[in-house]
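Descriptive analysis of the structure
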Amino acid sequence: VVLFATLPESVTWRITTMFKGSYELTEAAYTRTERFVWTATRSFERPILGHGTGAFVVDRGGEDAGGDYPHNIILELMYEEGLVGTVVGCLFLWLIFRRWRQSSKLVHSYGLGIEAFQFVRIAGLLFLFLLIQAMKSGNIDGNRIMFFCAGFVVAVFNLHHRTIEETSSESELTAEDEQDLEQLEFRDIRAL
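These lines cover the structure that appears in this document, whether it is placed above or below. Keep in mind that what you see is a predicted model, and the values were worked out from it rather than measured. (Residues numbered from 1 in each chain as written. Predicted model: local features only at pLDDT ≥ 70, side-chain atom pairs only at ≥ 80, totals over all residues. Heavy atoms only, no water.)

Further remarks concern the packing of helix α5 (residues 73-110) against helix α6 (residues 114-134). In the contact formed by α5 and α6, the axes pass within 10 Å of each other and the chain directions differ by 160°. The orientation of α5 with respect to α6, classified from their angle, is roughly antiparallel. By crossing handedness, the relation of α5 to α6 is classed as left-handed. Note on element contacts: α6 touches α5 through Ala116, Phe117, Val120, Arg121, Gly124, Leu125, Phe127, Leu128, Leu131 and Ala134, opposite Ile73, Leu93, Ile96, Phe97, Trp100, Ser103, Ser104, Val107 and His108. Of the residues belonging to the contact of α5 with α6, the class tally is 14 nonpolar, four polar and one charged. (Axes fitted to C-alpha atoms, helices over the stretch in contact; angles between N-to-C directions. Helix = DSSP H or I, 4+ residues; strand = E, 2+ residues; numbered from the N terminus. Parallel < 35°, antiparallel > 145°, perpendicular 65-115°, else oblique. Left-handed = near helix turned anticlockwise from the far one by under 90°. Contact = heavy atoms within 4.5 Å. Nonpolar A, V, L, I, M, F, W, Y, C, P; charged D, E, K, R; others polar.)

Written out as structure tokens, the structure reads:
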């Protein structure tokens, strides 16, 4: 509720109209499908490096109005950045999911507690939700919150990893201290 209340008014209006059913779903599906097909077919004209960043709006509408985009982050990458940009973008997404999984494993393997578990799940699920939204709505520039959540996933992983390293280094120090104490005790006993 707090997140919904802090969203921009245009976003909250769109969400509420979709839930009220006043949003014409068939028209939206038709326009999105038409844009998907147009983007996919035009992407093959320049498949390696694409048409250039921001080119979709100009190529589709004739001017940089800023409101027209393919409503799919992968198709937009394919059109504007070509195969090179799409591979880099997909690699980025794969690395975020990998960090999410590694962070989950760290929480379970080292028993970091419910707080750590909640941070991992919230970060990953927010990123997943926003990525799914980016597959049907929005554009690369408008998905800043998704990229913020990707950074949140990486930050949570780094936090858990650092916590485990600090805990293990403390336990190693105590093991070394115990060995030093045993050696001192042995010397004291020998001296007696």
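Resuming the write-up.
Below, the discussion takes up the packing of aromatic side chains. On inspection of all chains with the given rule, the structure shows six aromatic pairs. Look at phenylalanine 92 and phenylalanine 147: their rings are 6.0 Å apart centre to centre, the planes differ by 45°, and that puts the pair in the tilted class. Remark: phenylalanine 147 occurs in helix α7 (residues 144-191) and phenylalanine 92 occurs in helix α5; sequence separation between them is 55 residues. On the basis of relative accessibility, which here comes to 32%, the residue phenylalanine 147 falls in the partly exposed class. (Phe/Tyr/Trp six-rings, centres within 6.5 Å; stacked < 30°, edge-to-face > 60°. Buried < 20%, exposed > 50% of the residue type's maximum accessible area, 1.4 Å probe, protein only.)

Moving on: the side chain of histidine 51. Among the secondary structure elements, histidine 51 is positioned in the loop between α3 (25-43) and α4 (55-61). Note on histidine 51: relative accessible area 17%, which makes it buried. At 3.0 Å, the side chain of histidine 51 and the backbone oxygen of arginine 42 are in polar contact. Discounting chain neighbours no more than four positions away, the residues touching histidine 51 are Arg42, Glu45, Arg46, Asp59, Tyr79 and Glu80. (Polar contact = N/O pair within 3.5 Å; in protein donor to acceptor, adjacent residues only side chain to side chain.)

What follows covers the nonpolar core. In this structure, Ile96, Val120, Phe127, Leu131, Met146 and Val153 are the most contacted members of the largest nonpolar core, which totals 17 residues. When contributions to this core are tallied by element, the ones reaching two or more residues are α5, α6 and α7. Take this core: its biggest share by element is seven residues, from α6. Sequence-distant contacts of leucine 131, that is, excluding residues within four places in its chain, are made with Leu93, Phe97 and Met146. (Core = buried A, V, L, I, M, F, W, Y, C linked by side-chain atoms within 4.5 Å.)

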